[in-house]
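This is what each chain is made of:
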Amino acid sequence: MNPGAKAEFSDYKESAEYIRAKLEAKLEAKPDIAIILGSGLGGFADRLEDSVVIPYREIPHFPVSTVSYQKGELVFGKLGDSHVLAMNGRFHYYEGWEMWQTAYPVGVFKLLGIDKMIITNAAGGIGYNDTRTLRPGDLVCVTDQIKLAPMSPLRGANIEDFGPRFFDMQSVFDPELRRVAENVAAEQGFSLKEGVYAYMAGPQYETPAEIRALKLLGANLVGMSTVAENIFAAQLGIRVLCISCVSNMAAGITGAAITEQEVLDVTSEISEKFEALVTGVIERLATETKA
Ligand code: HPA
């Protein structure tokens, strides 16, 4: 795939056909749900049984993740009664990919027949004087997003097979999936927080003034991923559950420097709780679909 030139519908179809052949050869099944694993959260893929692993570099037209600690592979396997397609490693604008490339896999999911997606990330928590404050270790259900950066993954020629050029963004974060996640968290003994996620292009973390600005806008999470995938999912009619793991207080709140190591350490500390939540959600969805 060349940076710059936008993909054609046939490219997405070729990626999907390659993946479909691998999945059917191994499990004779199609995915019930996709999950995109954020920084430090890749361990979830190890929970999938009878799995087949497809490195991104083998998939025609697929981008290849350049973040060193992210694996860059699709893992397809069983979790209880569900067949799950996990993306272990995602694409960020700060790596040099175009916005549409960071969202490319979501178009492929659609062609694989996937209609539900769990998308996860590590994020900074923004402090308020009330319950909106999010702290390191919190698991948060994203209820809305703010993307002030100008580029959209759908800028340029619209692929009509994927949906209309102009589409609604008010119901991206599926209320039913949110309800399931909140219930599962409560049963697991904690309350899932809610947050509005603000996208910053990075790779630098924010300045204190930028965080104060985001706070005025009503965001309580900040991160460098996720929003492009969610926008494409909205066009495609894929239902989204978006979960953030708060890895640090955002800039200017504690005065401490924010480091990539801190982000990874905190997400790995809460990864077990995160994995249990996501596993519970997928199992619950399987039961509810059957009922
Ligand atoms: N800012 C942006 N992205 C992030 C942060 C942050 O504070 N923490 C984890 N990802």
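See above for the structure.
For every chain, the first residue of the written sequence is number 1, and numbering continues from 1 along that sequence. Where local features are concerned, this predicted model is filtered to residues with pLDDT of at least 70; where side-chain atom pairs are given and counted, the filter is 80 or more; whole-chain, interface and lining totals use all residues. Side-chain numbers come from the whole structure's heavy atoms, not from hydrogens or water.

**Remarks on the packing of aromatic side chains**
When two rings of Phe, Tyr or Trp (its six-membered ring) have centres within 6.5 Å they constitute a pair, described as stacked for plane angles under 30 degrees, edge-to-face for angles over 60, and tilted for the intermediate range. Applying the stated criterion across every chain yields a total of 10 aromatic pairs. Between Tyr12 and Tyr104, the aromatic rings sit 4.3 Å apart at their centres with planes inclined by 20°, giving stacked as the arrangement. In this pair, Tyr12 sits in helix H1 (residues 9-27) while Tyr104 sits in helix H2 (residues 99-111), placing the two residues 92 residues apart along the sequence. For the pair Tyr12 and Tyr104, a shared accessibility class is recorded, and that class is buried. Aromatic pair Phe91 and Trp97: ring centres 6.0 Å apart, planes at 70°, arrangement edge-to-face. Buried residues are those whose accessible area, probed at 1.4 Å on protein chains only, stays under 20% of the maximum for their type, while exposed residues exceed 50% and partly exposed ones sit between those limits. Its relative accessible area of 2% is what places Phe91 among the buried residues. Through pairs of rings, three or more aromatic residues link up here, namely Phe9, Tyr12, Tyr56, Phe62, Phe91, Trp97, Tyr104, Phe162 and Phe232. Every helix listed is a DSSP run of H or I at least four residues long, and every strand listed is a run of E at least two residues long, numbered separately from the N terminus.

**Describing the site of the ligand**
Lining the immediate environment of the ligand, one finds Ala122, Ala123, Gly124, Tyr205, Glu206, Val222, Gly223, Met224, Ser247, Asn248 and Val263. In this structure, a nitrogen atom belonging to the ligand sits 2.7 Å away from a side-chain N or O atom of Asn248. Across the complex, the protein chains shield 95% of the 260 Å² of accessible surface that the ligand would expose by itself. Contributions of two or more residues to the shell around the ligand are made by strand E5 (116-125), strand E8 (221-223) and strand E9 (239-249). When at least one non-hydrogen atom of a residue lies within 4 Å of a molecule or strand, that residue is treated as near it. Residues adjacent in sequence count toward polar contacts only when both atoms are side-chain atoms; beyond that, a polar contact is any pair of N or O atoms within 3.5 Å, and within protein one must be able to donate a hydrogen and the other to accept it. Note that accessible areas follow from Shrake-Rupley with a 1.4 Å probe, and for residues the cover is restricted to the protein chains shown.

**Side note on the pattern of salt bridges**
The rule for a salt bridge is simple: a side-chain nitrogen of Lys or Arg has to be within 4 Å of a carboxyl oxygen of Asp or Glu. Inspection of the entire model under this criterion finds 11 salt bridges. A salt bridge links Glu17 to Arg20, with the nearest nitrogen and oxygen atoms 3.2 Å apart. Of this pair, Glu17 and Arg20 both sit in helix H1, 3 residues apart, which is roughly one turn of that helix. In the salt-bridge network here, residues are joined through shared partners; they are Glu176, Arg179 and Glu288.

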